[in-house]
Amino acid sequence: MKRALKILALAAALLAPLGAQAVEPGEKLADPAQEARARAIATELRCLVCQNQSIDDSDAPLAKDLRMLLREQIRKGASDKEARDYIVARYGDFVLLRPPFKPETLLLWGAPLIALAGGALALWAAYRRRRVAAAPAALSEAERAKLRALGVEGPDEG
Amino acid sequence: MIVETGHFALILAFALALAQAVIPFAGARLGDGALMRVARPTALMQFLLVAFAYGALTYAHVVSDFSLVNVIENSHSSKPLIYKISGVWGNHEGSMLLWVLVLSLCGALIALFSSAMPAKLRADTLSVQGLLGAAFLLFILLTSNPFARVSPAPWQGRDLNPILQDPGLAIHPPLLYLGYVGFSIVFSFAAAALIGGRIDAAWARFARPWTLFAWISLTLGIAMGSYWAYYTLGWGGFWFWDPVENASLMPWIAGTALLHSAAVMEKREALKVWTIFLSILAFSLSLLGTFLVRSGVLTSVHAFASDPERGVFILAILVFFIGGALALFALRAGALPVGGLFAPISREGALVLNNLLLTTCCATVVIGTLYPLALEAITGEKISVGAPFFNTVLIPIALPLALLMPIGQMLAWKRGDLSAALARLRVAFVIGVAALAAFGALQGAPYLSVAAAAVAVYLVVGSLSDLALRANARAAGPRAALARLLGLPLSVFGTAFAHAGMGLTLLGLAATGWGVENITTMRVGDYADVGPYKIVLEEMAARPGPNYSESYAVMAVRSNGQTVARIEPAKRFYPARKTARTEAGIVTLGLGQVYAALGEGHDDGSIDARIYYKPLVTLIWIGALVMALGGAFSLADRRLRIGVARRAAAPALPQAAE
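Residues numbered from 1 in each chain as written. Chains lettered and ligands numbered in written order. Predicted model: local features only at pLDDT ≥ 70, side-chain atom pairs only at ≥ 80, totals over all residues.

Engineer: Which parts of the structure should I look at to understand the overall build of chain A?
Structural biologist: Tallying secondary structure elements over chain A gives six helices and zero strands in all. Secondary structure elements of chain A occur, N-terminal to C-terminal, as α-α-α-α-α-α. Put simply, chain A has 158 residues, and 31% of those count as buried. In chain A, 51% of the contacts between residues at least 6 apart in sequence involve partners at least 24 apart. (Helix = DSSP H or I, 4+ residues; strand = E, 2+ residues; numbered from the N terminus. Buried ≥ 20, exposed ≤ 12 C-beta atoms within 10 Å, placed from the backbone. Contact = placed C-beta atoms within 7 Å.)

Following this line, the structure appears as structure tokens:
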């Protein structure tokens, strides 16, 4: 059902032209190297009216506009960074599917490291605590005598 | 009349759920067997009543009763019967009803298959399950009534969104719900164990089959949904790291961790506290997912704030159950005795490491999903967290995990020998390195695909070599080896298949980097090259469907001058909603697929087409099937069923050492 909802949302964006597709043949840049660069950048830019889809994937008219805008920059000779910055200057950080490093996203990018380090630390602490708590107490002399009576050699002390 | 009876049944079910929550709980506290026994009939009856309500809504959809708002908004008299039935859950109200139906089914299953459980634990479990049922039934009755009528009734409905009119919708949601609502069983078990204060290996034996059951369903549900997106959305994407997808992935990762820690708890009485915590976590994440999807908070934080009725209700349910369970956990967990000891290098140690890495993945997905919502709510700033983020942070965790999986499989319980385990994986390492060289030579870029594919091959071989080694060790010949293989406990097959399945999926994912696409404009008679195939556009025509009209193209897939297949990508137009959808033309060749989708047609008779060759892509879903098969093997293992079935003989029979 969850996907259904997503598709509903997509469908809303999709309603417009009949069977329009992401990246249409007419959009492609003549220079294959430039086109490849444009594609790579496009996969990291968000189609603003879709749910978490890149403009490279999306059929929405807005995504098409953004693709054209991006290709125009590339054709004019902009570097990858310049082309991306051009779009971000117009649409904000929201357009970046890979959120930029900045104070507000520190916790986001740090999340895996924090989780991993925190978990490892907790494990280490638990392991140490347990070794101390569960170290077997040495046998008393009476217990040793009992063992000897049963004909069993007492375990080494340690 | 049937519809009103259904509505009434839902109200009765709510009342029964309350009784199920209160009476057995009181019985368990008072030590009154009669009160505790109330749990079973109320759980069964609650299920029957919800099933009746669900049947009533389905009936209204099937007969196109347009006096129901739900039917008007989501159905049309000309819609094919299968979509009238599956359309019941293709909307908010119906899907919540399905949610509750599965929840009450879980309660009924516990009631039916738990006679071996201690009476108190059983009563408390069903009581918690009853409380969950009551909360969600109340949610439906107060905020999402699927039985609302309208007068006068229109003569026609507005139809179901065409994108949802697909066999995928008929299968995907029920499986998905069986999965993540199925985790409610383990949640209730955990809460009951905390209430009763007794948690031991027997608890793990009761809980593990249910965890497996939920996990298998969720695995299949996610895979099904992903394949549905793949063929429906028209460009071959199968996973978008969308919050809605993450909502199902979070409980899957937590459930996977739970399966592994429950294994330790059952075998060695260790990791009890952690296992209980994961039992709570898995279903908590299901609840979180339900909240994300059902509250509208994803569409916009502001939309949620302006029309909060449903969202706040689910949020209250979420806070009550997660908060309650965690409070109970905090109160009781400290008192649990420490379980069996083990050295860091051991099967247990490997499973702990698995849990550390899986929990890290899970935390990352949760934070990645919630972060933009939280940031916007707090600072008003909007950011996007999409595929590039998740790929960047999860791949460095997932690949080492894949490397470690077969090693863990090879370690002995309590104290393992790492160098011996590595030595047993010699073959897997050699084949993995060979795969690295082969993929590198054949494909070259991207390096990540080459590395991931090599790890995947190693994982498949490593997972299965456990079986091979067990069968061959000290065996006289192939017959003896086969006999040994067949004599192995089913759970050993379960582990091997589940791990190998993960490897297959990983290989399929890695191979997406080697896909080829050709976006072009074609006329009849034109051809386009895509990977090793030549696609010829042979014909373009139109035909009517049951409730749509379709224009389609016939494309021949040629290889070495021979036509090996024909595909028919199409564009459908649904007049009821004036909506179009594209139907991809797909053919599976070997393990790869040729995938074609039609774009815009031009005045000169040509048409835009997107054609892909996706090598090994089917492995993504075949791997999921193999994982689920592994789960089924484990579920079928006699030793695991002890908790489910009536105990045949006296306590656990002695088992061959493993």
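Engineer: Looking at this structure, how should I read the overall build of chain B?
Structural biologist: Scanning chain B from N- to C-terminus turns up 22 helices and ten strands. A globule of 658 residues ought to have a C-alpha radius of gyration of about 26 Å, and chain B, at 27 Å, matches this closely. Each principal axis of the C-alpha atoms in chain B carries an extent, and together these give about 80 × 75 × 55 Å. Counting contacts in chain B only where the partners sit at least 6 residues apart, residues at least 24 apart contribute 73% of the total. (Rg over C-alpha atoms; globule rule 2.2 N^0.38 Å.)

Engineer: Would you explain the packing of helix α8 (residues 167-196) of chain B against helix α13 (residues 309-333) of chain B in this entry?
Structural biologist: A pair of packed helices is characterised by two quantities: the angle between their axes and the separation of those axes. Residue and element names in this part refer to chain B. With their axes 9 Å apart at the nearest point, α8 and α13 run at an angle of 40° to one another. If you check the angle between α8 and α13, you find them oblique. Along this stretch, α8 crosses α13, giving a crossing that reads as left-handed. Counted together, F187, A191, L194 and I195 of α8 and A325, L328, F329 and R332 of α13 form the full contact between these two elements. (Axes fitted to C-alpha atoms, helices over the stretch in contact; angles between N-to-C directions. Parallel < 35°, antiparallel > 145°, perpendicular 65-115°, else oblique. Left-handed = near helix turned anticlockwise from the far one by under 90°.)

Engineer: Please explain the domain arrangement of chain B as it appears in this structure.
Structural biologist: Many analyses report the size of an interface as the accessible area lost when the parts associate. Residues and elements named next belong to chain B. Domain annotation of chain B identifies domain 1 (1-165) and domain 2 (516-614). Placing a centre on the C-alpha atoms of domain 1 and another on those of domain 2 gives a separation of 43 Å. In terms of residue class, the side of domain 1 that touches domain 2 is made up of three nonpolar, three polar and three charged. (Domains from an automatic or database assignment. Nonpolar A, V, L, I, M, F, W, Y, C, P; charged D, E, K, R; others polar.)

Engineer: Explanation requested: the confidence of the model for chain A in the structure shown.
Structural biologist: Low-pLDDT stretches of the model should not have their predicted coordinates read in fine detail. Residue and element names in this part refer to chain A. Of all residues in chain A, 77% have pLDDT values of 70 or greater, and the mean over the chain is 78. By mean pLDDT, the top-scoring element of chain A is helix α4 (residues 80-91) (91), and the lowest-scoring one is helix α1 (residues 2-14) (45). Contacts from residues 5-20, a stretch scored under 50 in pLDDT, to residues over four places away or in other chains number 31 contacts. (pLDDT = per-residue confidence, 0-100.)

Engineer: Before we go on, may I ask you to explain the packing of helix α3 (residues 61-75) of chain A against α4 of chain A in this structure?
Structural biologist: Residue and element names in this part refer to chain A. For the pair α3 and α4, interaxial distance at closest approach is 9 Å and the crossing angle is 140°. As judged from the angle between their axes, α3 and α4 are oblique. Considering the relative orientation of α3 and α4, their crossing is right-handed. Between α3 and α4, the contacting residues are L66, L69, L70, Q73 and I74 on the first element and E82, A83, Y86 and I87 on the second.

Engineer: When you look at helix α20 (residues 490-511) of chain B in this model, what are you seeing that I'm missing?
Structural biologist: Side chains of residues three or four places apart in an α-helix project in the same direction, reflecting 3.6 residues per turn. The end-to-end C-alpha separation of α20 of chain B is 31 Å, in line with the 32 Å expected for 22 residues at 1.5 Å each. When you tally the buried positions in α20 of chain B, you get 20 out of 22 residues, the bulk of the element. (Expected span 1.5 Å × (residues − 1).)

Engineer: Is there a simple way to think about the nonpolar core in this case?
Structural biologist: Side chains of a nonpolar character, in soluble globular proteins, are inclined to be buried together. All names here are of chain B. Core analysis: the largest hydrophobic core is formed by 235 residues, its most contacted members being V186 and A453. Here this core gets 18 residues from one element, more than from any other, and that element is helix α9 (residues 201-232). One finds Y83, L160, I163 and L169 within the second-largest nonpolar core, a separate group that totals five residues. (Core = buried A, V, L, I, M, F, W, Y, C linked by C-beta atoms within 7 Å.)

Engineer: What should I look at first to understand the interface of chain B and chain A in this one?
Structural biologist: Counting residues at the interface gives 62 residues for chain B, matched by 44 residues for chain A. Among the elements that make up the side of chain B that touches chain A, the one with the highest residue count is helix α14 (residues 347-379) of chain B (eleven residues). Of the residues belonging to the side of chain B that touches chain A, the class tally is 33 nonpolar, 21 polar and eight charged.

Engineer: What is the right way to look at the pairing of strand β6 (residues 570-574) of chain B in this model?
Structural biologist: Within a regular strand, side chains alternate between the sheet's two faces. Residues and elements named next belong to chain B. Across four bridges, the pairing between strand β4 (residues 549-559) and β6 is antiparallel. Among the inter-strand pairings, S549 is bridged to a residue of β6, identified as F573. With five bridges connecting them, β6 and strand β7 (residues 579-583) associate as antiparallel partners. Across the sheet, residue Y574 finds its bridge partner in β7, namely T579. (Pairing = 2+ DSSP bridges.)

Engineer: Got a minute to help me understand the environment of F14 of chain B in this structure?
Structural biologist: Residues and elements named next belong to chain B. With respect to the secondary-structure elements, F14 resides in helix α1 (residues 2-30). When the 22 C-beta atoms within 10 Å are taken as the criterion, F14 is described as buried. Sequence-wise, F14 and L141 are 127 residues apart; in three dimensions their C-alpha atoms are separated by 8.9 Å. Dropping the residues within four chain positions of it, F14 is found in contact with A134, L137, L138 and L141.

Engineer: What is the right way to read the sheet that holds strand β8 (residues 585-589) of chain B from this model?
Structural biologist: Within a beta sheet, neighbouring strands are joined by backbone hydrogen bonds and run either parallel or antiparallel to one another. Residues and elements named next belong to chain B. Strand order in the open sheet made by the four strands is β1-β10-β9-β8, with antiparallel pairing throughout. The sheet is open, and its two borders are formed by β1 (516-522) and β8, each paired with just one other strand. Strand-to-strand twist across the sheet, computed as the mean angle between neighbouring axes with direction ignored, equals 15°. Inspection of the sheet shows β8 paired to strand β9 (residues 592-601) by five bridges, in the antiparallel sense. For L589, the partnering residue across the bridge sits in β9 and is G592.

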